[in-house]
Amino acid sequence: MLFELPYGDPADGITLDHLHLIDINEFRKLLKYWFDPKYKNEPFYLGHKQREVDARYMANKPPDTITRTPRSLVANRKHLKGSEGRAFLLFFGYDTLQGILPDDYFVHYCMLAAAYYILMKARITENDLELARDLLFRYYALQKEYYGAGCCTINAHCIGRHLASCVKKSGPLWATSAYAGESNIGAYIRLIHGTQNVGMQIISSVRSIQKLKIWRKVVTNSHVAKVLNRHNPKFDRSKWVQLFPGCFQVGSCKRAVLTSAISQALEKAIPRITSFPLRLTKYNKIYFRNEFYFTSESRRVHRRVSYIVRFREGNSLRIAEIQHFLQVQLLKEGLVHHFALVYELTQTGQPFPLISQDHWTKHGIHDVARMVPHMLPVITSRSSGLTAVPIVALEEKMVFMKRSDNKALVVPFPAPWLHD
């Protein structure tokens, strides 16, 4: 019926949702081809390497902004959530599959993953859009050759032929995402406590939540405030210590000793600062710009890495690992400085060292770095010593994937607000 209308084109006029289009359907389809035993005689089948695939994938430690930690792809391939598919395609898939999936199939996968990252960025240029369109078209065109005609579904057609056009007309993929609506379904369910008058139950629950927010702002009795915060622990900031506007120390702190390494770092940040009487306090967790930042010294976080960051120094951005946070109080002057003591990570190497250039050229990709400029191989040795970075210079957390004892891959989020 829509195609018979005298105006508009339904093929280009309907916005595509990446949650169901890519994160669930396309991702699960690829997993089916890689791990379903009925494809055991095909060159792309990875069932005989499933332990290695799972070991690589589950070794990753995402930052706290990615809610779900990796679990077995093979055992859960039919039940993986959309956010898990999104994280795999944006971050973890490259290192999980490199050297395991045959090279031509790996390059084919990278076309989808790289284009997906581009279309999720906060700012997308015309060149970005053309690159993503070209990669998706090649990805779709090769599906029949690599996986057979059964892989060429309407879902794959929408990705290969219409997704880039949809972004050009409607904005980045995150702007038209169904994630917000899906998450609100869970919130609505928690507001319903019976089978009768469901609408009024939701309205009544929302009004109660609104009243709680008002009461928390105006109540002065500490005991009452504690009870109110108990009903909304996510926003319980009663024990947080404000360091400066917009930044809070979370958790305990302790006095720090002025070691030679800390002294050198502080002297680089503020010359002659160590010649004044100082009081040093260190802590392992802060809340800054609506995010939690941890340190590598934190002993309570084991399955996540939320201490790899990008910070600004002049006009450049640098990558670092936060060792700990440090409050420096000049006793006579009454001044207080707040630093993150970090080890800088040196960017070097190729994003795909196991894949020869011939395989990329065969697929029409002559500049791999242009396709995946967000993939940043780094050296993790601490030979450069500590650097004192003002907390206000911290820009963003990054996803960290360890490759060896001194090598890793670091990937920024395509958009600052693209968190679970």
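Note that this is a predicted model, so its numbers are computed, not measured.

Turning next to the packing of helix H2 (residues 18-35) against helix H4 (residues 82-97). Contact geometry for H2 and H4: axes closest at 8 Å, N-to-C directions at 50°. In terms of axis orientation, H2 runs oblique to H4. Pair H2 / H4 crosses with left-handed handedness. Counted together, His18, Leu19, Ile22, Asp23, Ile24, Phe27 and Trp34 of H2 and Gly82, Gly85, Arg86, Phe88, Leu89 and Leu97 of H4 form the full contact between these two elements. Residue classes in the contact of H2 with H4 are distributed as eight nonpolar, three polar and two charged.

Further remarks concern the nonpolar core. Among the nonpolar cores identified, the biggest contains 75 residues, and Trp34, Phe91, Tyr109, Tyr147, Leu163, Phe352 and Trp360 are the most heavily contacted of them. At 14 residues, the largest contribution of residues to this core is made by helix H5 (residues 103-119). Beyond its immediate stretch of four places on either side in the chain, tryptophan 360 contacts Phe106, Val107, Cys110, Phe352, Ile355, Ile365, Val368 and Met371. Core analysis: the second largest hydrophobic core is formed by 18 residues, Ile286, Val309, Phe325 and Ile391 among them.

In this section: the sheet that holds strand E1 (residues 241-244). What the four strands build is an open sheet, ordered E1-E2-E5-E6; its pairing is antiparallel. In this open sheet, the two strands that pair with only one neighbour each are E1 and strand E6 (291-294). Direction aside, neighbouring strands of the sheet carry axes that sit 30° apart on average.

Let us look at the packing of H5 against helix H6 (residues 126-141). Where H5 contacts H6, the two axes come as close as 8 Å, and the packing angle between them is 150°. By the criterion of interaxial angle, the relationship of H5 to H6 is roughly antiparallel. Here H5 and H6 pass one another in a crossing that is left-handed. On H6, the residues that touch His108, Met111, Leu112, Ala114, Ala115, Ile118 and Leu119 of H5 are Asp128, Leu129, Leu131, Ala132, Leu135, Leu136, Arg138 and Tyr139. Looking at the contact of H5 with H6, its residues break down into 12 nonpolar, one polar and two charged.

Calculation criteria
Residues numbered from 1 in each chain as written. Predicted model: local features only at pLDDT ≥ 70, side-chain atom pairs only at ≥ 80, totals over all residues. Heavy atoms only, no water. Axes fitted to C-alpha atoms, helices over the stretch in contact; angles between N-to-C directions. Helix = DSSP H or I, 4+ residues; strand = E, 2+ residues; numbered from the N terminus. Parallel < 35°, antiparallel > 145°, perpendicular 65-115°, else oblique. Left-handed = near helix turned anticlockwise from the far one by under 90°. Contact = heavy atoms within 4.5 Å. Nonpolar A, V, L, I, M, F, W, Y, C, P; charged D, E, K, R; others polar. Core = buried A, V, L, I, M, F, W, Y, C linked by side-chain atoms within 4.5 Å. Buried < 20%, exposed > 50% of the residue type's maximum accessible area, 1.4 Å probe, protein only. Pairing = 2+ DSSP bridges.

Remember, this is a structural readout, not a statement about activity or role.
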